[in-house]
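# Overview (structure and organization)
Okay, here's what each chain looks like letter by letter:
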Amino acid sequence: MRLNYTIMDRGVGKRNRRRIQERAVKEKRDESILVLLEMLEGAKSIGAGAATIASAGAAVGIGNVLSSSINSVARNPSLAKQLFGYAILGFALTEAIASFALMMAFLISFVFRSQKQCLW
């Protein structure tokens, strides 16, 4: 959608010259809006990708909870039942963070739509 209008065309009167200028400005504005919408789509993809990084952090957190639980039971086997309850609580809280991050990634990807369809 490149602009091929020149203002100094021969045989163009003042009225036609003004129309050509207005049309060129409108096409330039439409082109800049499209560029802006494409930039927003890219930022949305980057945000969704960054939100999914939290699931890797949750996996590391679950590994830490499990290794601490095994280490604690190995040191004091008589507290195994109590430590198991704490381990389950740690797993649940860590998974809640991961599911929240996944929910945010889906919201960013599918719910927050750009207004590209509304322009045309």
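Per an unreviewed UniProt entry, the chain goes by the name ATP synthase subunit 9, mitochondrial and belongs to Musa acuminata subsp. malaccensis. Reading the Subunit (unreviewed entry) entry of the UniProt record for the chain gives the comment "F-type ATPases have 2 components, CF(1) - the catalytic core - and CF(0) - the membrane proton channel. CF(1) has five subunits: alpha(3), beta(3), gamma(1), delta(1), epsilon(1). CF(0) has three main subunits: a, b and c." Database annotation for the chain, UniProt heading Sequence similarities (unreviewed entry): "Belongs to the ATPase C chain family."

### So, the overall build of the chain
Of regular secondary structure, the chain possesses three helices and zero strands. Relative to its 120 residues, the chain shows a buried fraction of 17%. Contacts in the chain between residues at least 24 apart in sequence constitute 73% of all its contacts with a sequence separation of at least 6. Surface exposure of the chain reaches about 9500 Å², of which carbon and sulfur atoms provide 65%.

### Side note on the confidence of the model for the chain
Averaged over the chain, the pLDDT score is 79; the fraction of residues at 70 or greater is 78%. When pLDDT is averaged over each element of the chain, helix α2 (residues 80-111) comes out on top at 89 and helix α3 (residues 116-119) at the bottom at 51.

### Let's talk about the environment of Glu95
Checked against the element boundaries, Glu95 lands in helix α2. Separated by 33 residues in the primary sequence, Glu95 and Ile62 have C-alpha atoms spaced 8.0 Å apart.

### A few points about the UniProt feature "transmembrane region" (unreviewed entry) in the chain
Per the UniProt record, "transmembrane region" (unreviewed entry) is found at residues 46-66 and 86-112. Split by type, residues 46-66 is 100% helix and 0% strand. Its first and last C-alpha atoms lie 32 Å apart. Secondary structure across residues 86-112 comprises 96% helix and 0% strand; the distance between its end C-alpha atoms is 38 Å.

### Topic: the packing of aromatic side chains
Here a ring pair, both rings aromatic, is described through the centre-centre distance and the interplanar angle of the planes. The full count for this structure, using the stated rule, is one aromatic pair. Between Phe106 and Phe110 the ring centres are 6.1 Å apart and the planes differ by 25°, which places this aromatic pair in the stacked class. One end of the pair, Phe106, and the other, Phe110, are both in helix α2, four residues apart, so they sit about a helical turn from each other. Residue classification places Phe110 among the exposed positions, given a relative accessible area of 51%.

### Comments concerning α2
With 32 residues, α2 should reach 46 Å at 1.5 Å per residue; the first-to-last C-alpha distance of 45 Å fits that figure. Every buried residue of α2 is accounted for by Leu83, Ala87, Gly90, Thr94, Ala98, Ala101, Ala105 and Ile108.

### Side note on a nonpolar patch on the surface
A contiguous nonpolar patch, built from Leu102, Phe106, Phe110, Val111 and Phe112 and spanning about 530 Å² of accessible area, is present on the exposed surface. Within the secondary structure, Leu102 sits in helix α2. Owing to a relative accessible area of 43%, Leu102 belongs among the partly exposed residues under this scheme.

### Observations concerning the environment of Gly63
Counting through the fold element by element, Gly63 comes out in helix α1 (residues 14-75). Expressed as a C-alpha distance, the spacing of Gly63 and Phe91, which sit 28 residues apart in the sequence, is 9.3 Å.

Analysis parameters
Residues numbered from 1 in each chain as written. Predicted model: local features only at pLDDT ≥ 70, side-chain atom pairs only at ≥ 80, totals over all residues. Heavy atoms only, no water. UniProt positions renumbered as here; feature names shortened; annotations may be inferred. Helix = DSSP H or I, 4+ residues; strand = E, 2+ residues; numbered from the N terminus. Buried < 20%, exposed > 50% of the residue type's maximum accessible area, 1.4 Å probe, protein only. Contact = heavy atoms within 4.5 Å. Areas by Shrake-Rupley, 256 points an atom, 1.4 Å probe, with all protein chains shown as cover. pLDDT = per-residue confidence, 0-100. Phe/Tyr/Trp six-rings, centres within 6.5 Å; stacked < 30°, edge-to-face > 60°. Expected span 1.5 Å × (residues − 1). Patch = residues over 30% accessible without salt bridge, like charges linked within 9 Å, V, L, I, M, F, W, Y side chains within 5 Å. Salt bridge = Lys/Arg side-chain N within 4 Å of Asp/Glu carboxyl O.

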